[in-house]
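The primary structure of each chain is shown beneath.
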Amino acid sequence: MRTELYIDGRWVKPAQGRTFAVINPATEEVIHHAPAATAEDVDAAVKAARRAFDKDGWPKLSGSQRAVYLRAIANGIRARQAEIARLEVIDNGKPFPEADWDIADAAGCFDFYADLAVQLDNNPEEPIALADGRFTSKAVKEPLGVAGAIIPWNYPLLMAAWKVAPALAAGCTIVLKPAELTSLTALELGAIAEEAKLPPGVLNIVTGAGSVAGQAIIDHPGIDKLAFTGSGPVGSKIMAAAARDIKRVSLELGGKSPFVVFDDADIGEAVEWIMFGIFWNQGQVCSATSRVLVQEGIYDRLLARLVEEAGKIKIGNGLDEGVLLGPLVSKRQYEQVVAAIEAGRSAGATVACGGKPPEGVDKGYYLEPTILTDVPLDSDAWREEIFGPVVCVRPFSTEEEAIALANDSRFGLAAAVMSKDDVRAERVAAAFRAGIVWINCSQPTFTEAPWGGYKESGIGRELGRWGLENYLETKQITKYVSEDPWGWYVKPVVRA
C-alpha cells in the first residue's frame with residue numbers, strides 16, 4: 001500500500017509529512033496510514049499538470065498516441081485485478097465479487113476511451129456551411145486544459161476511471177483527489193500509470209481531506225475544469241467556487257430514485273430487481289432505486305416476498321465466500337444511516353425488516369437490509385438520500401399517480417419501471433424526469449451510455465462520447481477566401 005503522493009510522475013512525501021488512518025470497515029482495524037496532501041502539495045500537482053499541458057506536448061499528441069497509454073493502463077489494471085479488488089474490499093467494505101466486477105469495469109473504461117481517442121483523429125474538424133461564400137468555416141475540438149477531479153468513496157477505482165480515462169483521451173491533464181475514506185486503489189492507479197510510462201505531470205494523485213486537498217483543487221487558478229461526484233451540498237459549493245473564475249464544471253450528485261412496479265409484473269423478478277437496485281454495494285449508490293412504488297393489486301404479495309428474500313441475504317466480511325452485503329464504509333456513514341431509519345420511524349414509518357446490526361456481530365459497520373413501509377410523503381426518509389441498504393415501499397393505484405409520486409422529488413438521477421405492457425413501460429419511462437431510466441431492470445450501467453441527472457442530481461454527463469466531450473472545447477475557425485481583398489466591405493459581415 002502506497003505511502004506517498006503521485007505528483008509529476010514521481011512518488012513524493014506530503015509537504016508536511018502528515019498521514020491519516022485507513023480503517024477496514026469490516027473489522028474497524030487501522031490497516032494503513034495514507035499520505036495527507038496540503039495546499040502546497042496540490043499546488044505542485046497543478047503546476048506539473050499545467051506544464052504537461054502547456055509545454056510538454058500531451059495535448060499535441062494524436063489521439064492514437066494517447067490511446068497507447070490508455071490501453072497500457074487498462075492492461076495494467078487487468079494484470080493486478082484480483083489484488084486491486086481485494087484492496088477495494090478492505091478499504092470500502094463491498095463484497096469481493098462486486099469489487100472484482102468494478103475493477104474489470106475500470107479497465108474497460110480505459111479501453112473504451114482509447115477507442116474514442118483514436119476517433120478524434122478520424123474526425124478532426126467539422127465543416128460549417130455559411131450563407132456568405134466569401135468565407136469558409138470549421139469547428140474543431142480541442143482539449144480543455146487541466147482538470148481537477150474529486151471522486152467519492154462508493155466506487156473508488158471505477159469513479160477514478162470515469163474521470164481520468166476521458167480526460168486523458170481528450171488530451172487534458174488531471175489532478176485527481178480520491179475520497180479520504182477510500183484512497184488505496186487510486187494510489188495504485190498512479191503506480192499503474194507509472195508502469196505504463198505515462199508522461200510526467202499528465203496524471204497526478206493527491207490524497208487527503210476534502211476540506212484541505214479538495215478545497216485547494218477547487219480554489220486553484222491553474223485548474224480549468226472541475227469534475228465532481230458526490231453529495232449535493234458539496235456540489236453546490238464547488239459550483240459556487242467555480243463561478244468565481246468561470247471554470248468549467250460537471251457534477252454528478254445525489255438521488256432518491258423511484259422504481260414503479262405495475263401489477264402485471266412478475267413478482268419474483270420484480271423482487272430481484274428491487275433488491276439489486278437498493279442492496280447492491282450496501283445501498284451506497286447515487287442511483288439506488290430507494291423509493292419503490294407498487295401497484296395495489298400486488299402490493300401485499302410483493303412486500304411479503306421482498307421481506308422474505310431480504311432476510312436471506314448473507315451479511316459479512318466482503319472477503320468471505322457467499323457474502324452479498326458487506327459493512328457500510330465508515331462508522332460515520334453507519335451512524336447516519338441508522339439515524340435516518342430512526343427518523344423515519346419517528347415520522348410514522350413502519351420498519352418491515354432490518355434496521356439493526358445482524359445478530360452476533362460486535363465488530364464492523366454492518367446493518368441488515370431495511371424495508372420501510374407507511375412512509376409519509378413529506379418525511380426525510382421518503383425525500384432525502386439515505387445512502388445505505390434502506391428502501392421505502394408504498395402502494396399506488398393509477399399510472400398517473402405513480403408518475404406524479406415518482407417525479408415529486410428535487411432529484412432526478414435515475415428511475416425504473418417494471419411492466420409486461422411494453423407500451424405502458426415506454427410511456428412511463430418517457431414521463432420520468434430523470435437522466436437515467438431503466439425498463440424491467442434497475443442499475444445496469446454501460447460505459448457506452450450517458451450517465452447524469454436532472455434537477456439537483458447534477459450538471460453534465462459522464463460516460464460514452466458525452467464523457468469525452470466534458471473535456472473538450474469547441475473552436476470556430478473562419479477564413480476569408482475571396483480574391484478581392486476589400487470585398488468584405490461591399491457586403492458587410494452580419495454580426496450577432
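These remarks concern the structure in this document. (Residues numbered from 1 in each chain as written. Predicted model: local features only at pLDDT ≥ 70, side-chain atom pairs only at ≥ 80, totals over all residues. Heavy atoms only, no water.)

### What about helix H8 (residues 232-245)?
Residues spaced three or four apart along an α-helix face the same direction, because each turn holds 3.6 residues.
Here is step 1: Counted at 1.5 Å a residue, the expected span for H8 with its 14 residues is 20 Å, and the 21 Å between its end C-alpha atoms agrees.
Here is step 2: All of the buried residues in H8 are Gly 235, Ile 238, Ala 241 and Ala 242. Buried residues along H8 cover an arc of 125° about the axis, so they all sit on one side. Turned more than 90 degrees off the buried face of H8, the exposed positions are Pro 233, Lys 237 and Arg 244.
Here is step 3: Check the buried side of H8 and you find it contacts strand E7 (146-150), helix H7 (210-219), strand E10 (225-229) and strand E11 (248-252).
Here is step 4: Positioned one or two residues after H8, Ile 246 has a phi angle of 55°, which is positive. (Helix = DSSP H or I, 4+ residues; strand = E, 2+ residues; numbered from the N terminus. Expected span 1.5 Å × (residues − 1). Buried < 20%, exposed > 50% of the residue type's maximum accessible area, 1.4 Å probe, protein only. Arc of directions from axis to C-beta. Contact = heavy atoms within 4.5 Å.)

### Digging into the packing of aromatic side chains
Remark: the centre distance and the inter-plane angle together describe each pair of aromatic rings, the angle taken between the planes.
Here is step 1: Overall, the coordinates contain 11 aromatic pairs when judged by the stated rule.
Here is step 2: Where Trp 101 meets Trp 280, the ring centres are 5.3 Å apart and the plane angle is 85°; that geometry is what we call edge-to-face. Of the two residues, Trp 101 is situated in helix H4 (residues 96-122) and Trp 280 in the loop between helix H9 (267-279) and strand E13 (291-295); the sequence distance between them amounts to 179 residues.
Here is step 3: Trp 280 sits in the partly exposed class, given a relative accessible area of 22%.
Here is step 4: Judged by centre distance (5.4 Å) and plane angle (80°), the ring pair of Trp 153 and Phe 387 falls under edge-to-face. (Phe/Tyr/Trp six-rings, centres within 6.5 Å; stacked < 30°, edge-to-face > 60°.)

### A look at the pattern of salt bridges
Here is step 1: Counting across every chain of the model gives 29 salt bridges.
Here is step 2: With its nearest N and O atoms 2.5 Å apart, the salt bridge here joins Arg 80 to Glu 188. Placement of the pair is Arg 80 in the loop between helix H2 (63-79) and helix H3 (81-92) and Glu 188 in helix H6 (residues 184-195), with a sequence separation of 108 residues.
Here is step 3: The exposure class assigned to Arg 80 is buried, which follows from its relative accessible area of 14%.
Here is step 4: Of the charged contacts, one joins Arg 427 and Glu 399 as a salt bridge, the two residues approaching to 2.8 Å between their closest N and O atoms. Taken together, the residues Arg 427 in helix H14 (residues 422-431) and Glu 399 in helix H13 (residues 399-407) connect sequence positions 28 residues apart.
Here is step 5: Accessibility expressed as a relative area gives 13% for Glu 399, which makes it buried.
Here is step 6: Members of the salt-bridge network, linked through shared partners, are Arg 2, Arg 80, Glu 83 and Glu 188. (Salt bridge = Lys/Arg side-chain N within 4 Å of Asp/Glu carboxyl O.)

### Quick look at the environment of Ala 37
Here is step 1: Here Ala 37 is to be found in the loop between strand E4 (29-35) and helix H1 (39-54).
Here is step 2: Residues Ala 37 and Val 261 lie 224 residues apart in sequence; the distance between their C-alpha atoms is 47 Å.
Here is step 3: With residues near it in sequence (within four places) discarded, Ala 37 still touches Leu 5, Val 206, Thr 207, Gly 208, Val 212 and Ala 213.

### What about the sheet that holds E13?
Here is step 1: What the seven strands build is an open sheet, ordered E14-E15-E16-E13-E12-E18-E19; its pairing is mixed. Strand pairing shows two members of the sheet lacking a second neighbour, strand E14 (350-353) and strand E19 (436-439), which therefore form its edges. Adjacent strand axes in the sheet meet at a mean angle of 25°, parallel and antiparallel pairs treated alike.
Here is step 2: Relative to strand E12 (residues 258-261), H9 is tilted by about 175°, and along the sheet it contacts E12, E13, strand E15 (370-373), strand E16 (390-396) and strand E18 (414-418). (Pairing = 2+ DSSP bridges. Axes fitted to C-alpha atoms, helices over the stretch in contact; angles between N-to-C directions.)

### Examining the environment of Thr 229
Here is step 1: Among the structural elements, Thr 229 can be located in strand E10.
Here is step 2: Of the residues examined, Thr 229 reaches a relative accessible area of 5% and is grouped as buried.
Here is step 3: Spatially, the C-alpha atom of Thr 229 lies 17 Å from that of Cys 109, the residues being 120 residues apart in sequence.
Here is step 4: Discounting residues that sit within four places of it in the chain, Thr 229 has contacts with Ile 150, Ile 151, Pro 152, Met 159, Lys 163, Glu 252 and Glu 462.

### A short note on the packing of H13 against H14
Here is step 1: H14 packs onto H13 with a crossing angle of 35° between their chain directions and a minimal axis gap of 10 Å. As for how H13 packs across H14, the hand of that crossing is right-handed. Contact with H13, carried on its side by Glu 399, Ile 403 and Asn 407, involves Arg 424, Arg 427, Val 428 and Ala 431 of H14 and no other residues of that element.
Here is step 2: The class makeup of the residues in the contact of H13 with H14 is three nonpolar, one polar and three charged. (Left-handed = near helix turned anticlockwise from the far one by under 90°. Nonpolar A, V, L, I, M, F, W, Y, C, P; charged D, E, K, R; others polar.)

### Focus on unusual backbone geometry
Here is step 1: Here Asn 281, not a glycine, exhibits a phi torsion of approximately 55°, which is positive.
Here is step 2: Topologically, Asn 281 is positioned in the loop between H9 and E13.
Here is step 3: What makes Asn 281 buried here is its relative accessible area of 0%.
Here is step 4: Of note in the backbone geometry, Gln 443 takes a positive phi value of approximately 85° without being a glycine.
Here is step 5: The exposure class of Gln 443 is buried, given its relative accessible area of 11%.

### Focus: the side chain of Lys 94
Here is step 1: As for its position among the elements, Lys 94 is in the loop between H3 and H4.
Here is step 2: Lys 94 gets classed as buried once you look at its relative accessible area, which sits at 0%.
Here is step 3: In terms of polar contacts, Lys 94 uses its side chain to reach the side chain of Asn 281, at 3.4 Å.
Here is step 4: Sequence-distant contacts of Lys 94, defined by excluding residues within four places in its chain, comprise Val 89, Ala 99, Asp 102, Asn 154, Tyr 155, Asn 281, Gln 282 and Gly 318. (Polar contact = N/O pair within 3.5 Å; in protein donor to acceptor, adjacent residues only side chain to side chain.)

### Digging into the pairing of E11
Here is step 1: Bridge count for E10 against E11 is five bridges, and the pairing is parallel. The residue bridging Leu 226 from the neighbouring strand is Val 249, located in E11.
Here is step 2: One crossover worth recording links E10 to the parallel E11 by way of H8, and it is right-handed.
Here is step 3: One ladder, built from two bridges, connects E11 with strand E21 (residues 458-459); its direction is antiparallel. Paired with Leu 251 across the strands is Ile 459, a residue of E21. (Right-handed = clockwise from strand over helix to strand, strands pointing away.)

### Here we look at the pairing of strand E3 (residues 19-24)
Here is step 1: Pairing geometry for E3 and E4, over six bridges, is antiparallel. Bridging across to E4, Val 22 finds its partner in His 32.

### Brief notes about the nonpolar core
Here is step 1: In terms of nonpolar packing, the biggest core is built from 98 residues, with Phe 110, Leu 176 and Leu 189 touching the most fellow members.
Here is step 2: Looking at this core, the element that brings in the most residues is helix H5 (residues 156-170), giving 12 residues.
Here is step 3: The residues touching Phe 110, leaving out its near neighbours within four places in the chain, are Leu 70, Ile 73, Ala 74, Ile 77, Ala 161, Val 164, Ala 165 and Leu 189. (Core = buried A, V, L, I, M, F, W, Y, C linked by side-chain atoms within 4.5 Å.)

Worth remembering: the numbers are spatial, not functional.
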